[in-house]
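Summary of the model geometry
Chain by chain, the residues run as shown.
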Amino acid sequence: METLVPLLAVGDLFPRGILPYLLGGLLVGLGAAVIYLATGIIAGASTFLESTLSYVSDVDRFNRFKYVQSRNWRVVFTLGIVSGAAIWGLALAPDPTIWTTDVQWWRLLGGGILVGVGTRLGKGCTSGHGVCGVGSLSNTSLVNVATFLAFAIGTAQLVQALGVSP
């Protein structure tokens, strides 16, 4: 009788071991819960970034009362995301080269623009829908996360099939 060999071992899913991923997930969930319990606002990064535009833009969309009223702590939240990653990458990362890429700048820029458009079309981002929305069993968020994943997997497969490399 032949034994079945799994296509992907569990160790392949967690190349640095499961603990860093588990701790990161717990901290993200805890942070989202604290923000929601303290403010009643879902901690989606796209909304946090959009609300900071109320400082520099006269566009009504960016100057909604809820954005202007809460923009100071939203900026602190956004700066915390960026500075936390920077501190880890510059001071604590076991291998500082993990922050490098061979992807051309124009591809990164194009990908960023597409992600930005996608967050507007999807009315939120993976942190808002994926962490907070799925955690609260929102049907809209469940559909959006499934859509995000389907397009991400499909795009990765298409790019690989076309032989595109960095």
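Residues numbered from 1 in each chain as written. Predicted model: local features only at pLDDT ≥ 70, side-chain atom pairs only at ≥ 80, totals over all residues. Heavy atoms only, no water.

**Things to note about helix H7 (residues 139-161)**
How we decide: Strands here are runs of E lasting at least two residues and helices are runs of H or I lasting at least four, both read from the DSSP assignment and numbered beginning at the N terminus. A helix's residues, less one, multiplied by 1.5 Å, set its expected span. Exposure classes here rest on a 1.4 Å probe applied to the protein chains alone. A residue is buried below 20% of its type maximum, exposed above 50%, and partly exposed in between. Contact definition: two residues touch when any of their heavy atoms are within 4.5 Å.
Over its 23 residues, H7 extends 33 Å from the first C-alpha to the last, a length consistent with the 33 Å expected when each residue adds 1.5 Å. Three or more residues of H7 are buried, namely Ser-141, Asn-144 and Val-145. Its buried side turned inward, H7 meets helix H6 (126-135). Positive phi appears at Gly-163, one or two residues downstream of H7, with a value of about 80°.

**Overview of the confidence of the model for the protein**
Stated formally: Confidence of the predictor in every single residue is expressed as pLDDT, which spans 0 to 100.
Per-residue pLDDT for the protein averages 81, and the proportion of residues at 70 or more is 90%. The secondary structure element of the protein with the lowest average pLDDT is helix H1 (residues 10-13), at 71, and the one with the highest is H7, at 90.

**Remarks on unusual backbone geometry**
Of note in the backbone geometry, Leu-137 takes a positive phi value of approximately 60° without being a glycine. Its location among the elements puts Leu-137 in the loop between H6 and H7.

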